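What the coordinates show
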Amino acid sequence: EAAVTQSPRNKVAVTGGKVTLSCNQTNNHNNMYWYRQDTGHGLRLIHYSYGAGSTEKGDIPDGYKASRPSQENFSLILELATPSQTSVYFCASGGGSSYEQYFGPGTRLTVL
Amino acid sequence: GEKVEQHESTLSVREGDSAVINCTYTDTASSYFPWYKQEAGKSLHFVIDIRSNVDRKQSQRLIVLLDKKAKRFSLHITATQPEDSAIYFCGVGDNSKLIWGLGTSLVVNP
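A brief look at the structure comes next. (Residues numbered from 1 in each chain as written. Chains lettered and ligands numbered in written order. Predicted model: local features only at pLDDT ≥ 70, side-chain atom pairs only at ≥ 80, totals over all residues. Heavy atoms only, no water.)

Brief notes about the overall build of chain B
The helix and strand tally for chain B stands at 0 helices and 11 strands. Along its sequence from the N terminus, chain B presents helices and strands in the succession β-β-β-β-β-β-β-β-β-β-β. Expected size for 110 residues packed as a compact globule is a radius of gyration near 13 Å; at 13 Å, chain B falls within 12% of this value. For chain B, the C-alpha atoms occupy an extent of roughly 40 × 25 × 20 Å along the three principal directions. Residues classed as buried in chain B amount to 45% of the 110 residues present. Long-range contacts, defined as pairs at least 24 residues apart, comprise 50% of the intrachain contacts of chain B with a sequence gap of at least 6. As displayed, chain B offers around 5400 Å² of accessible surface, 48% of which is attributable to carbon and sulfur atoms. Charge separation in chain B, taken as the distance between the mean sites of 13 positive and 13 negative side-chain charges, equals 4 Å. (Helix = DSSP H or I, 4+ residues; strand = E, 2+ residues; numbered from the N terminus. Rg over C-alpha atoms; globule rule 2.2 N^0.38 Å. Buried < 20%, exposed > 50% of the residue type's maximum accessible area, 1.4 Å probe, protein only. Contact = heavy atoms within 4.5 Å. Areas by Shrake-Rupley, 256 points an atom, 1.4 Å probe, with all protein chains shown as cover. Lys, Arg positive; Asp, Glu negative; His and termini not counted. Charge placed at Lys NZ, Arg CZ, Asp CG, Glu CD.)

Below is the structure:
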């Protein structure tokens, strides 16, 4: 079974603080994705990666950075967190022959 | 860029009836159309997909229909059961990237 894990699962941050969300996959997939999910907006792509060392901007990259130091790990970084970044964040891996994306359990981030 | 519209935001059916969720898209070059399910408080998981080289695919009680001319595809859930209650998301894209619909909340009433 494909496995994607995220940490932390819940995070409360202060406005202006730095937040790092981590994702690890054991699927050996080339592609990894960061999404945020908000009521009324569905799933929106923030950043994605085609492999170690690569990051690409998704549809809503402003205020976020990403880092892919290895095949297994993909991080999302909020340098200066704002309340508008309060959301549930999902990491996913994919790019295999089945085209399927495998999602992690999600991180609930609250920025006060 | 690609835009995806998921037409039903909520759908309520009686147990045993069929449910149909519709999505439309704008980019004729899109080739991959998956459906994902999200149960309350949980993450998303894949349920079924269709690629642009076919117009129908079935997996047990799930059927996906693709109309490339109309740029429309639909998920049919037959003989619905209470455990089908969830939010269903359609996706459009390819092997590298997907654009998602806003989701349809399906409620199956006993």
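A closer look at the layout of surface pockets
Estimated volume of the largest pocket: approximately 550 Å³. The wall of the largest pocket is formed by 28 residues, among which A:Gln37, B:Gln38, B:Gly41, B:Lys42 and B:Ile87 lie closest to the centre. Looking at the lining of the largest pocket, the elements with two or more residues in it are β4 (31-38), β9 (87-94) and β11 (107-111) of chain A together with β9 (86-93) and β11 (104-109) of chain B. When residues in the lining of the largest pocket are grouped by element, the largest group, 3 residues, is from β9(B). Broken down by class, the residue content of the lining of the largest pocket amounts to 8 nonpolar, 15 polar and 5 charged. When its volume is computed, the second largest pocket comes out at roughly 180 Å³. Lining the second largest pocket are B:Gly1, B:Glu2, B:Asp27, B:Ala29, B:Ser30, B:Ser31, B:Val92, B:Gly93, B:Asp94, B:Lys97, B:Leu98 and B:Ile99. (1 Å grid on protein atoms, 1.4 Å probe; cavity = no way out; pocket = protein on both sides within 12 Å on 5 of 7 lines; lining within 4 Å. Points joined across faces, edges and corners; volume = space filled by probe spheres on them. Nonpolar A, V, L, I, M, F, W, Y, C, P; charged D, E, K, R; others polar.)

What to know about the environment of B:Asp67
By the element assignment, B:Asp67 lies in strand β7 (residues 62-67). Note on B:Asp67: relative accessible area 30%, which makes it partly exposed.

Remarks on the environment of B:Glu5
Residues and elements named next belong to chain B. Inspection of the secondary structure puts Glu5 in strand β1 (residues 4-6). Between the C-alpha atom of Glu5 and that of Glu83, which follows or precedes it by 78 residues, the distance is 25 Å. When neighbours within four sequence positions are excluded, Glu5 is seen to be in contact with Asn22, Cys23 and Thr24.

Quick word on the interface of chain A and chain B
Counting residues at the interface gives 23 residues for chain A and 19 residues for chain B. Together, the buried faces of chain A and chain B total about 1700 Å²; carbon and sulfur atoms form 53% of this surface. A per-residue breakdown of the area chain A buries against chain B is headed by A:Leu43, A:Tyr99 and A:Phe103, which together make up 34% of the total. Counting across the interface, chain A meets chain B through 1 salt bridge. Note that B:Lys97 is salt-bridged to A:Asp59, the shortest N-O span being 3.9 Å. Across the chain A-chain B interface, the total number found is 7 residue pairs in polar contact (both at pLDDT 80 or more). (Buried area = accessible area lost by both parts, 1.4 Å probe. Salt bridge = Lys/Arg side-chain N within 4 Å of Asp/Glu carboxyl O. Polar contact = N/O pair within 3.5 Å; in protein donor to acceptor, adjacent residues only side chain to side chain.)

Concerning the nonpolar core
Counting 25 residues, the largest nonpolar core has B:Trp35, B:Phe73, B:Leu75 and B:Leu106 as the members making the most contacts within it. Sorting the residues of this core by element identifies β2 (10-14), β3 (19-25), β4 (32-38), β5 (44-51), β7, β8 (72-77), β9 and β11 of chain B as the ones contributing at least two each. The residues touching B:Leu75, leaving out its near neighbours within four places in the chain, are B:Ala19, B:Val20, B:Ile21, B:Trp35, B:Ile48, B:Leu62, B:Ile63, B:Val64 and B:Tyr88. Core analysis: the next-biggest nonpolar cluster, separate from the first, contains 18 residues, A:Ala13, A:Ile46, A:Tyr64 and A:Cys91 among them. (Core = buried A, V, L, I, M, F, W, Y, C linked by side-chain atoms within 4.5 Å.)

Some remarks on the sheet that holds strand β7 (residues 65-67) of chain A
Residues and elements named next belong to chain A. Strand order in this open sheet of 4 strands is β1-β3-β8-β7, and the pairing throughout is antiparallel. Two strands close off the open sheet at either side, each with one partner strand: β1 (4-7) and β7. Strand after strand, the sheet turns through a mean of 20° between neighbouring axes, direction not considered. Sheet analysis places β1 next to strand β3 (residues 19-25), joined by 4 bridges and oriented antiparallel. Along β3, the bridge assignment pairs Gln6 with Cys23. (Pairing = 2+ DSSP bridges. Axes fitted to C-alpha atoms, helices over the stretch in contact; angles between N-to-C directions.)

A word on the pairing of β4(B)
Residues and elements named next belong to chain B. Burial analysis of β4 places 7 of its 7 residues in the buried class, which makes it a mostly covered element. Across the two faces of β4 the burial is the same, with Tyr32, Pro34, Tyr36 and Gln38 and Phe33, Trp35 and Lys37 all buried. Relative to β5, β4 runs antiparallel, the two sharing 7 bridges. The partner of Trp35 across the bridge, within β5, is Ile48. Where β4 folds back onto β5 in an antiparallel hairpin, the turn is made up of 5 residues, including Gly41, whose phi is positive at roughly 75°. Both β4 and β9 contribute to a ladder of 5 bridges, which runs antiparallel. What sits directly across from Trp35, in β9, is Cys90.

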